[in-house]
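# Chain and residue survey
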Amino acid sequence: MTQVSLTNLIAGARSGLLVSFPTDTVPALATIPEKAGLIFTAKQRSQDKPLILMAASAEDLWLYVKANENEYQVWQELAEKYWPGGLTLVLPASERLPKVMNPIDPTTIGIRVPNSAIAQTILAQTGPLATTSANFSGQPPLQKMAEIESQFPQALTLAMTECQGEIAAIGVPSTVAKWTGINWQILRQGAIKLDISTDKQI
């Protein structure tokens, strides 16, 4: 039985354990960035598929990326427009990012702020976490905590009693947009319909 209270899940995450909790898109499998290898192992995930760094606010994430002044302004404008929400921005990574987050190409990182009260409550107390969807690599994202508990018995999952009143997740992964240095490239069209022709470029 790995279902735990919100307090115990936060404590577990902070101590470096693997945890799972609801978000606005699909449930997350998460751990502190330094322990990201736990996620690759649990999901049987290829090292060339980087994880997403998720946090309660954009301010918590900017430390992990690097930009010139113009780029930073463009990124902030897009973040203010769509965050919190189902948009992941893939940006140049700063030295602060543990390389285990993206072993093959540690120069970039995907970042996101979820539009979920429970996720934000957890992330506000743990700090940014390495995250991905809760499923074995190549399989559809699991939607129910009971399924996650069965497939990932090593992860602490949030007890359903802690999820009362939470807005249901849409069940669609986030849209992923990568900064090319001059504009945005859509890597995955997901929860947010991003129109890169209208969103600002340099």
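Above this text sits the structure in question.
Residues numbered from 1 in each chain as written. Predicted model: local features only at pLDDT ≥ 70, side-chain atom pairs only at ≥ 80, totals over all residues. Heavy atoms only, no water.

## Here we look at unusual backbone geometry
A cis geometry characterises the amide bond from Trp-83 onward to Pro-84, with omega recorded as -5°. As for its placement among the helices and strands, Pro-84 is situated in the loop between α4 (69-82) and β5 (87-92). Positive phi outside glycine occurs at Gln-44, with the angle close to 55°. Note that Gln-44 resides in the loop between α2 (37-43) and β4 (52-54). (Helix = DSSP H or I, 4+ residues; strand = E, 2+ residues; numbered from the N terminus.)

## Observations regarding the pairing of strand β6 (residues 108-112)
Burial analysis of β6 places 5 of its 5 residues in the buried class, which makes it a mostly covered element. The alternating pattern of β6 places Thr-108, Gly-110 and Arg-112 on one face and Ile-109 and Ile-111 on the opposite face, and all of these are buried. By the bridge criterion, 3 bridges tie β4 to β6 in an arrangement that is parallel. The residue bridging Leu-53 from the neighbouring strand is Ile-111, located in β6. (Buried < 20%, exposed > 50% of the residue type's maximum accessible area, 1.4 Å probe, protein only. Pairing = 2+ DSSP bridges.)

## Looking at the pattern of salt bridges
All chains considered together, the criterion is met by 1 salt bridge. Here Arg-112 ties to Asp-24 by a salt bridge, and the two come within 3.1 Å at their closest N and O atoms. Of this pair, Arg-112 sits in strand β6 while Asp-24 sits in the loop between β2 (19-21) and β3 (28-31); the two residues are 88 residues apart in sequence, bridging distant segments of the chain. A relative accessible area of 2% places Arg-112 in the buried class. (Salt bridge = Lys/Arg side-chain N within 4 Å of Asp/Glu carboxyl O.)

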